[in-house]
Every structure is written in structure tokens, then in C-alpha cells.
Amino acid sequence: MYFGEALRFSIQALWANKFRTFLTALGLVIGNASVILVVTISITSREYILDLIRGVGSNLIYAQYSSGTDNATKVDADFIKLADVDAVRRQFGSRIVAATGVMSSQGRLLINGKEQDVSVIGADQQYPAVRNMVLLSGRFIDEGDVTARQHVVLLTEKLAVKLYGNVQDAVGQVIKLYNLRFTVVGTFRERTGTFGFSEITNETVWMPVTVSKLFTPVERIDPMYVQARLASDVRPLTASIKEVLESRHRGGARYEVENLTAILDAAQQIAFIMTVVLILVSTIALIISGIGIMNIMLVTVTERTREIGLRMAVGAPRRAVLKQFLTESVVISMAGGMIGILVGIAIPLSVRFFTDAIRVPISITSILVAFGVSAAVGVIFGMLPANRASQLNPTEALRYE
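Quick caveat, the model's predicted, so the values are computed rather than measured. (Residues numbered from 1 in each chain as written. Predicted model: local features only at pLDDT ≥ 70, side-chain atom pairs only at ≥ 80, totals over all residues. Heavy atoms only, no water.)

K.L.:
Go over the overall build of the protein, please, and point to the residues and values.
P.N.:
Secondary structure assignment for the protein yields 15 helices and 11 strands. Looking at the protein as a whole, 44% of its 401 residues are labelled buried. Of all intrachain contacts in the protein linking residues separated by at least 6 positions in sequence, the fraction that spans at least 24 positions is 79%. Carbon and sulfur atoms provide 60% of the accessible area of the protein, an area that totals close to 20,700 Å². (Helix = DSSP H or I, 4+ residues; strand = E, 2+ residues; numbered from the N terminus. Buried < 20%, exposed > 50% of the residue type's maximum accessible area, 1.4 Å probe, protein only. Contact = heavy atoms within 4.5 Å. Areas by Shrake-Rupley, 256 points an atom, 1.4 Å probe, with all protein chains shown as cover.)

K.L.:
Please give an account of the side chain of S137 that cites residues and values.
P.N.:
Take S137: it is sitting in strand β5 (residues 133-138). Judged by relative accessible area, S137 falls into the buried class, the value being 9%. Looking at S137, its side chain comes within polar contact range of the main-chain oxygen of V167, at 2.8 Å. At a separation of 2.6 Å, a polar atom in the side chain of S137 contacts the side chain of T187. (Polar contact = N/O pair within 3.5 Å; in protein donor to acceptor, adjacent residues only side chain to side chain.)

K.L.:
How would you sum up the packing of aromatic side chains? Please name residues and give values.
P.N.:
Scanning all chains against the criterion turns up six aromatic pairs. For the ring pair Y65 and F79, a centre distance of 5.1 Å and an interplane angle of 85 degrees mean the geometry is edge-to-face. In this pair, Y65 sits in strand β1 (residues 60-67) while F79 sits in the loop between α3 (72-78) and α4 (82-91), placing the two residues 14 residues apart along the sequence. In this pair, the class of Y65 matches that of F79, namely buried. Residues Y127 and W206 carry aromatic rings whose centres are separated by 5.3 Å and whose planes lie at 65 degrees to one another, so their mutual orientation is edge-to-face. Of the two residues, Y127 is situated in helix α5 (residues 127-131) and W206 in strand β9 (residues 204-208); the sequence distance between them amounts to 79 residues. Residue class for Y127 comes out buried when judged on its relative accessible area of 0%. (Phe/Tyr/Trp six-rings, centres within 6.5 Å; stacked < 30°, edge-to-face > 60°.)

K.L.:
Run through helix α10 (residues 234-247), naming residues and quoting values.
P.N.:
In this model α10 runs 20 Å from its N-terminal to its C-terminal C-alpha over 14 residues, within 8% of the 20 Å that 1.5 Å per residue would give. Taken together, the buried positions of α10 are V234, L237, T238, S240, I241, V244 and L245. (Expected span 1.5 Å × (residues − 1).)

K.L.:
Can you lay out the pairing of strand β10 (residues 224-228) for me, pointing to particular residues and giving the numbers?
P.N.:
With respect to burial, β10 is a largely interior element, five of its five residues being buried. Alternating residues of β10 divide into M224, V226 and A228 and Y225 and Q227, and every residue in both groups is buried. With four bridges connecting them, β1 and β10 associate as antiparallel partners. Bridged to Y62 within β10 is Y225. Looking at chain direction, strand β2 (residues 96-101) and β10 are connected through five bridges and run antiparallel. For T100, the partnering residue across the bridge sits in β10 and is Y225. (Pairing = 2+ DSSP bridges.)

K.L.:
So what about the nonpolar core? Which residues, and what values?
P.N.:
Y127, M224, V226 and I241 are the most contacted members of the largest nonpolar core, which has 43 residues in total. The biggest single contributor to this core is α10, with five residues. Other than its neighbours up to four places away in sequence, I241 contacts I61, F92, M224, V226 and V257. Ranked by size, the runner-up nonpolar core spans 18 residues in total, among them I111, V120, L155 and I175. (Core = buried A, V, L, I, M, F, W, Y, C linked by side-chain atoms within 4.5 Å.)

K.L.:
Report on the pattern of salt bridges, specifying residues and quantitative values.
P.N.:
Throughout the structure, instances matching the rule amount to 12 salt bridges. Salt-bridge contacts for E190 lead to R131; the nearest nitrogen and oxygen are separated by 2.4 Å. You can see E190 sitting in strand β8 (residues 180-190) and its partner R131 sitting in helix α5, a full 59 residues away along the chain. Measuring nitrogen to oxygen at the nearest pair gives 3.5 Å for the salt bridge that ties K213 to E219. Here the salt bridges do not stand alone but share partners, grouping D86, R89 and D124 into one network. (Salt bridge = Lys/Arg side-chain N within 4 Å of Asp/Glu carboxyl O.)

K.L.:
I'd like a rundown of unusual backbone geometry, residues and numbers included.
P.N.:
In this structure, the amide linkage connecting D222 to the following residue, P223, adopts the cis form with an omega of 0 degrees. In this structure, P223 sits in the loop between α9 (209-212) and β10. We note that R149 has phi near 55 degrees; this positive angle belongs to a residue other than glycine. For R149, the location among the structural elements is in the loop between α6 (143-148) and β6 (152-156). One non-glycine residue, Y178, lies in the positive phi region at around 55 degrees. Relative to the assigned elements, Y178 resides in the loop between β7 (174-177) and β8. Residue classification places Y178 among the partly exposed positions, given a relative accessible area of 23%.

K.L.:
Now, about the pairing of β8: what can you tell me, with residues and values included?
P.N.:
Alignment of β5 against β8, held across five bridges, turns out to be antiparallel. When the sheet's bridge partners are listed, L135 is paired in β8 with F188. Two strands pair when backbone bridges link them, and β6 and β8 are joined in this way by five bridges, in the parallel orientation. Note on β8: the bridge partner recorded for V152 is T183. What sits between β7 and β8 in their antiparallel hairpin is a turn of two residues, with Y178 showing a positive phi close to 55 degrees.

In C-alpha cells:
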């Protein structure tokens, strides 16, 4: 019996029991769709987390004062200073893209006729590059503003909308802060929301650090940000920056110098564990579907016992009978597998019709694995029924009622 003939007979036999065939293949549909979706979700989650971290700042290292002596005068001296930022720039100039410091304070601003507290940060021209800020209108603070101590500020998006209705109208306006007049030169926002865990809030005013320094009793950079040039150099550079800070201050001063690598590693481990668990669940679904195929094929062999006996009586070899029923098993599994693959591809692709914010990649490897598993399930779980059919005694099979 040629394969084409076996395939044609198999399709005819399965088509004669369409509903039963569909229910048998349904397990493969669910299992294969699950495998593709699990891999897709894993890849998407890793990429999404990586994009979020890049949105906060690529290859970002941040440092802040941790602890020191109880003596107030000495503690003030232990804080990270602008001179420390300059020292990091000089010492690691070839290994970093930029370094900047943030000086935070509070101010009072007239909003809708009432004075309200706002967050005020001082930073220099390298701040937007390190923190990956998005310019909405106007311009960022430049080196000239910092050097000349210009009275210019940028407003966060929400603060600009609250004050002037939109970000475009905010540019060129004059606000009064610390009893001085400041010109709004731009509006900005964080590329990725940090849920209040950064120096940027909904209502933040950003001015040159040389100006904000005049309104703070103690010069304190908290935090200092450094952007490493190479991702591979983030960990070594983190340790080196900590050594530089400790060497420039008293022996009792301690500084926390961290990076986002640990967060990324933890997120990837969580994504990996979730992927393994979901793949195990999908594997169980595939095994159950394989058992279902085997049971249905055993029933089919029983139902078609007289047909098998007749074929053997007219000269059909046992190998042809085995091939016939094994082909039917593979056809069921492959049909269900192909439908499952199409469903697994269609669901991620349909996301693109609803949002462009999340890119959902399709893994070719997962498709190939699902296709191979479908074929393997058909062969493995179809072998027992096919072998049983081929071992029937022709005389007894013809007598079967």
C-alpha cells in the first residue's frame, strides 16, 4: 500500500465520523495553541520588561548616600556633591556616556489661584540623556543655562496642563518660585512611568542645578546617575563608582551604588519559571489529547474488525494494515496540531489591531516544536491501536460480530 493510498483511505474513514474526529483533535488544538502562546508570552514579557528598564535609563547606575556619623556637620560633608559628579566624569570618561546629579527640594507655586507645594529638582544638561526624558515642547536645559545660572525651568506634562491647559502654551510663560521669576523653556515627561519611585512626580519643576543649589541649605546630590557606555561594563563600573565615592569622603561614610541589572535578572528568572510551569501544563494537555487519540483509534479498530479481516483475506499484508491505522492517527494529530498552530499565531497577531504599545513577536521555533510534537503524538499514541489491528487473525476477524 502506497502512502498516498493510505492517506486517502484515512481521510475517508475520518470524514465518515466528522464530529468524533473533531472532538479527538480538539485536545491537540488546545495543546499546540498553548505551546505557541506560552513561548510568545515569555518572549513578549521579557522584551517588555527590558523596554521598561531601557525607558528608565539605558545601562543606568545610581548612587546615593546611605549612612555615616551622627554628627550633623560631618554628615553634611558626607553627602554626594557636585564635585563628586565631576570626579566621576573625569575618571570614567571613556567608560560612560554621561553622569549627572539631582538636587531635590520643595517649593510653593501659584496654581489656579492657590499656592500649592510642588517638587523642585535641580539637574544639569546631561540629565535628560541619562534618564531618557521625553521633550514635549520647547527645549531642555543646556550647558549655558547651568553655567550662567539662568532662571529657566521645565515643567512636567501634568503640571503644565494644570497651569496652562496644554504643554505648548506653557513655553514662554513666567512662574514665580522662591519669590523669583522663572521662564518656562520646555515641558517633559519620563519615557517610562516609575510609579513615584523616582525624583519625578506629577507636579515637578526642573531648573539648573546651579540655581537650585542656592535654595537648599545643604548641597546634597540624591541620587547621582551614571550611564555606562557598555552593558557588559555596568557591574564593574558600579563597584568602581562606589570606590571613588568612598575614597572622596570619610572612612565612616557609606554609599549605595546600584544598577538595574538585578531587577532585570529577577524579572527574567520569574519569566523563566512561569514559562516552565505553563509549558508543563501544555504538555499535560498534549498527553491527554494523545491518550484520547489512542482510545478513539482502539474503538475504531474494534468497529472495523470485519473490514480488517476482509483486507487480510484478500491479501493485504499486516504492514499495510498497520500503516493504514497509523496514518489515520497521524492525520488526526496533524490536523488538530495545524489548527492549534493557526490559533496560536492568530491570537498574538490580533493584538496588533487593538494596540501598538506592545509588540508581540511570533516564535518560529515554537511553531516548529508544536508541529513536531503533533506528529510525535500521532505516531506514539497511534502505534498501539495500529499494531493491534495488524495482529488480528483474519479468520476470527471475519467472524467478529
